[in-house]
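# Descriptive structure summary
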Amino acid sequence: MWSGFPLFPETASTVAGRIDNLYFFLVSVTAFFTLLIFLLVFIFALKYRRKSETERPRPITGSFFLEFIWIGVPLVITLIMFTWGAVLYFDLARPPKGALDIYVVGKQWMWKVQHPTGQREINELHIPINRPVRLTMATEDVIHSFYIPAFRIKKDVEPGKYSTLWFEATQTGEFHLFCAEYCGTRHSLMGGKVVALEPKQYQAWLSGGAADETLEEAGARLFQQLGCVTCHRADSGARGPALEGKFGKPVLLSSGETVIFDEAYTRESILNPRSKIVAGYPTVMPTFQGQISEEGLLQLIAFIKSLTPRQEGNQ
Ligand code: CUA
């Protein structure tokens, strides 16, 4: 409704309208009470002003009814705000199943994007509309923040961990992409555009860009090059656990704990292998810190995700 207003971004994702509704609710409640209080201060100042030098106010005895109202009404309003906000927050935190995975790496001062089919772009993000897209994001240096105002989404990308963000675009077109966390001298230039395309056009765009290998293939190549394959094998003499079909499942550690084999666990195990050892295996894996970039890590993860058990009973 505000799309003609120059300070207000377009509404181009499924959550954008819901975020705006909450935003306008918060602003309306705040504006209403601000006006009410100012008005009452004014009226009471006139009504109860001292009318003569000898006037003494009547003593105040208190009122249970009034106290009930000024505790009850704000409580109900803030609980509405809390519930409304929490529902939206949880919806934004959980990407729907079957979302298209796209990987993003922030570095001073650009956003690097990798599509599963291997296409890469810098400071541009091509996406299909009417399909949930999940971004897995990492940074090579300092904290950045990935921000698409037209989709009403923003998330910090912090060193040493993955952030995820999801959205579903509803309109084709080009939208601003920003870095929303001050990250150095060229922070203000760290951004570009999101290009939302019809699914067919997106497919055409994918096949138009010359990608020599998919993300999984790039990961498979790294898996060979870095020598991961020498230990992570499916046979009985392997020194590391086989990785086929393990992604997304719980893993029992030598400490007795269980962790989920997810992106963060994979990344940690590559860079800091000693922190979580799979039960039944020796602590022999060397660290790959400094030998692999954040983009390479995402490629390896894409490859490990794609591994399925080759046959029954070989894990
Ligand atoms: Cu990256 Cu500001």
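Scroll up to find the structure this text is about.
Below or above, wherever it landed, is the structure these notes cover. This one's a predicted model, so the numbers in the text were calculated from it and none came from an experiment.

## What about the overall build of the protein chain?
Secondary structure assignment for the protein chain yields seven helices and 12 strands. Its C-alpha atoms give the protein chain a radius of gyration of 27 Å, more than 25% over the compact-globule value 20 Å for 315 residues. Across its three principal directions, the C-alpha atoms of the protein chain cover 100 × 50 × 40 Å. Evaluated residue by residue, the protein chain yields a buried proportion of 37% over its 315 residues. For the protein chain, the separation between the mean place of its 31 positive charges and that of its 30 negative charges on side chains is 7 Å.

## Things to note about the packing of helix α4 (residues 215-225) against helix α7 (residues 294-306)
Packing of α4 against α7 leaves a shortest axis separation of 7 Å and a crossing angle of 100°. Comparing the axis directions of α4 and α7 gives the class roughly perpendicular. Facing Leu 215, Glu 216, Ala 218, Gly 219, Ala 220, Leu 222 and Phe 223 of α4, the residues of α7 in contact are Gly 296, Gln 299, Leu 300, Ala 302, Phe 303 and Ser 306. Residue composition of the contact of α4 with α7, grouped by class: eight nonpolar, four polar and one charged.

## Side note on the pattern of salt bridges
Taken as a whole and assessed by the stated rule, the structure comprises 14 salt bridges. In this structure, the salt-bridge partner of Arg 18 is Asp 91, at a minimum N-O distance of 2.9 Å. In this pair, Arg 18 is assigned in helix α1 (residues 16-47) and Asp 91 in helix α2 (residues 64-93), connecting sequence segments 73 residues apart. According to the relative accessible area criterion, Arg 18 is partly exposed, its value standing at 33%. On the accessibility criterion, Asp 91 (31% relative accessible area) is partly exposed. Close ionic contact of Glu 263 with Lys 305 constitutes a salt bridge, the shortest N to O distance being 3.1 Å. Residue Glu 263 is found in helix α6 (residues 263-271), and its partner Lys 305 is found in helix α7; the two are separated by 42 residues along the sequence. Using a relative accessible area of 11% as the deciding quantity, one classes Glu 263 as buried. Salt bridges linked by common partners bring Asp 101, Arg 134, Glu 263 and Lys 305 together as one network.

Thresholds, definitions, all that
- Residues numbered from 1 in each chain as written.
- Predicted model: local features only at pLDDT ≥ 70, side-chain atom pairs only at ≥ 80, totals over all residues.
- Heavy atoms only, no water.
- Helix = DSSP H or I, 4+ residues; strand = E, 2+ residues; numbered from the N terminus.
- Rg over C-alpha atoms; globule rule 2.2 N^0.38 Å.
- Buried < 20%, exposed > 50% of the residue type's maximum accessible area, 1.4 Å probe, protein only.
- Lys, Arg positive; Asp, Glu negative; His and termini not counted.
- Charge placed at Lys NZ, Arg CZ, Asp CG, Glu CD.
- Axes fitted to C-alpha atoms, helices over the stretch in contact; angles between N-to-C directions.
- Parallel < 35°, antiparallel > 145°, perpendicular 65-115°, else oblique.
- Contact = heavy atoms within 4.5 Å.
- Nonpolar A, V, L, I, M, F, W, Y, C, P; charged D, E, K, R; others polar.
- Salt bridge = Lys/Arg side-chain N within 4 Å of Asp/Glu carboxyl O.

What is shown is where atoms sit, not what they do.
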